[in-house]
Amino acid sequence: MLRVRRLARWLSPKGFTLIELLVVIAIIAILIGLLLPAVQKVREAAARAQCQNNLKQLALAVHSYADTNQRILPSGGKMGWSGTVGQVATHPPQVQDWNYDRGSWHVHILPYMEQTALYNRINAQGGANSLAGQYNLPPLGPNESGGPVGQYFSRSVNAANRIGLPYGRCPSDDYDPAATVSNYVGSLGPQCLAGPCGFDPFGIWCRPEASGAGGGVPGMGYEWSPDHGNAWEGFHIRGAFNRLGAKISFPAGFKDGTSNTIMIGEALPAQHDHLVGNQWWGYNNGSSHCGTNVPINYDSSASSTWCSPADKYRGNWSVSWGFKSNHSGGSQFAFGDGSVQFVSQSIDMAVYQRLGCRNDGRPVGNWQ
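Residues numbered from 1 in each chain as written. Predicted model: local features only at pLDDT ≥ 70, side-chain atom pairs only at ≥ 80, totals over all residues. Heavy atoms only, no water.

> Break down the overall build of the chain for me, citing the residues and quoting the values.
Each helix and strand counted, the chain has eight helices and six strands in total. Traced from its N-terminal end to its C-terminal end, the chain shows the element sequence α-α-β-α-β-α-α-α-β-β-α-β-β-α. Burial analysis of the chain (368 residues in total) assigns 49% to the buried set. Excluding contacts between residues fewer than 6 apart, the proportion of contacts in the chain whose partners are at least 24 apart in sequence is 69%. (Helix = DSSP H or I, 4+ residues; strand = E, 2+ residues; numbered from the N terminus. Buried < 20%, exposed > 50% of the residue type's maximum accessible area, 1.4 Å probe, protein only. Contact = heavy atoms within 4.5 Å.)

Right, here's the structure in full:
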């Protein structure tokens, strides 16, 4: 009997000592530490792939738009006119109306992104053939403002019922998921981006060589152009898009070659005072507001105090209107040929400007 008791005691389970528990916990912590980066890499790879696919589909939609609209790119944005039909035809400065919204390029390509129903709803609300690139709207009524697109969204959208683009967000951007913004922005190229803070460290990349005070970088191949892409004539626009409706022919307007010209890139709305306005549909708070003279992923996240610090303030267009992403080391771009390529944030700035400008006459060839 004694032998049986001793055997039972020997076979009974023993508890863990404190040291053994600590060793086990330490091993588990090490394994988790090794696993988490791998999981994060997988998630980022999936997010980056989804973002790449969104850019690809947008580029193809832009191609389809141009194919059916006299080989003209969709307007990056379109300001309306508040005068008579005759005044509209002649574009006199006194009747430009910054509140008369004809829509961003995202609006114009809706039918090519399987969003015809939304496109038709906007047209019906605004009346006339407003989104087909015509200046034929009737005058605004006494209680109307904003043009067809602005009218539609101001009447049908509120903070609790916003209309977002199902393909408008990059999963890598953790900015408010309910915000009606787009991470995909039409390129202004090396257009000047004069800001209100008096701090413009990258302005040399947008100025011609002999442009007065400050000069520019020699040999870039492009001439003077208005700030922010604010021009009605296509020959003043260096990139693929602009805000006011200048017509850019495609592919003829990409004289450096479609594979050598950036068309659409990524942006972080939280670092851009216009994009954060939650209006992907609006020409002035929409998606034609980034250029190449600001380095990729330059930080402009400061927003609490006006122009302080000026080098990071999102309202200083000289630093905020650049392409940015949360992808490590760079950002993705859709080029004119429809390809999507990752561009390193350490890219040579002169090469970056030539990729941004569609007609500088200096194709960069194998730039990667």
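> Just give me the short version of the sheet that holds strand β4 (residues 262–266), but keep the residues and values in it.
Strand pairing in a sheet relies on backbone hydrogen bonds, with the paired strands running either antiparallel or parallel. Pairing within the open sheet is antiparallel, and its four strands lie in the order β3-β4-β5-β6. What marks the edges here is a single partner per strand, and that holds for β3 (184–186) and β6 (340–344). Along the sheet, successive strands turn relative to each other by an average axial angle of 35 degrees, direction set aside. Of the pairings in the sheet, the one linking β3 to β4 comprises three bridges and is antiparallel in character. (Pairing = 2+ DSSP bridges. Axes fitted to C-alpha atoms, helices over the stretch in contact; angles between N-to-C directions.)

> How would you explain the packing of aromatic side chains if you had to name every residue and give the values?
Under the defined criterion, the tally for this structure stands at nine aromatic pairs. Arranged with centres 5.1 Å apart and planes meeting at 85 degrees, the rings of F250 and F254 form a pair that is edge-to-face. No difference in accessibility class separates F250 from F254, as the two residues are buried. Judged by centre distance (6.0 Å) and plane angle (45 degrees), the ring pair of W317 and W321 falls under tilted. Taken together through their ring pairs, the aromatic side chains of F323, F333 and Y352 make up a single cluster. Over the aromatic face of F342 sits the side chain of R48, whose NZ or CZ is 4.1 Å from the ring centroid. (Phe/Tyr/Trp six-rings, centres within 6.5 Å; stacked < 30°, edge-to-face > 60°. Lys NZ or Arg CZ within 6 Å of the ring centre and 35° of its normal.)

> Describe unusual backbone geometry, with residues and values.
Cis geometry is adopted by the peptide bond preceding P251, which originates at F250 and carries an omega value of 5 degrees. Phi angles above zero are rare outside glycine, and Q70 is one such case at about 55 degrees. Mapped onto the elements, Q70 comes out in the loop between α2 (18–68) and β1 (79–81). By relative accessible area, which is 68% here, Q70 ends up exposed.

> Describe the pattern of salt bridges, listing the residues and the values that go with them.
Under the criterion given, the structure shown has four salt bridges. The residue R169 makes a salt bridge to D173 at a minimum N-O spacing of 3.5 Å. Residue classification places R169 among the buried positions, given a relative accessible area of 18%. Between K312 and D299 there is a salt bridge, with its nearest N and O atoms 3.7 Å apart. Taken as a pair, K312 in the loop between β4 and α7 (317–320) and D299 in the loop between β4 and α7 lie far apart in primary sequence, 13 residues in all. Classification of K312 by relative accessible area gives partly exposed; the value is 32%. Taking the relative accessible area as the measure of exposure, D299 reaches 31% and is therefore partly exposed. (Salt bridge = Lys/Arg side-chain N within 4 Å of Asp/Glu carboxyl O.)

> Help me get a handle on helix α8 (residues 349–356), residues and values and all.
Counted residue by residue, α8 has six buried out of eight residues, so it is predominantly covered. Turning to α8, its buried residues are M349, A350, Y352, Q353, L355 and G356. Against β4 and β5 (330–335) lie the buried residues of α8. Measuring from the backbone nitrogen of A350 back to the side-chain oxygen at the start of α8 gives 3.0 Å, which picks out D348 as the cap. (Polar contact = N/O pair within 3.5 Å; in protein donor to acceptor, adjacent residues only side chain to side chain.)

> Explain the pairing of β5 to me, using residue names and the numbers behind them.
Regular strands place side chains that alternate from one sheet face to the opposite one. Of all the six residues making up β5, six are buried; the element is thus mostly covered by neighbouring parts of the structure. Relative to β5, β4 runs antiparallel, the two being bridged by three bridges. By the bridge assignment for β5, G265 is matched with F333. One ladder, built from five bridges, connects β5 with β6; its direction is antiparallel. Note that in β6 the partner of Q332 across the bridge is F342.

> With reference to specific residues and values, describe the confidence of the model for the chain.
Mean pLDDT over the chain works out to 79, with 74% of the residues at or above the 70 mark. Every residue in residues 82–95 scores below 50 in pLDDT, and together they form 14 contacts with partners more than four places removed in sequence or on other chains. pLDDT under 50 marks residues 124–146. Its contacts with residues more than four places away, or in other chains, come to 52 contacts. (pLDDT = per-residue confidence, 0-100.)

> Hey, could you go over the nonpolar core for me, with residue numbers and the actual values?
With 35 residues, the main nonpolar core has L58, V62, I109 and I264 as its most contacted residues. Breaking this core down by element, the ones donating at least two residues are α2, α4 (105–108), α5 (116–126) and β4. Looking at which element gives the most residues to this core, the answer is α2, with eight residues. Residues contacting I109, with those up to four places away along its chain left out, are L58, A61, V62, Y65 and P74. W205, Y298, F323 and C357 belong to the second-largest nonpolar core, a separate cluster that totals 27 residues. (Core = buried A, V, L, I, M, F, W, Y, C linked by side-chain atoms within 4.5 Å.)

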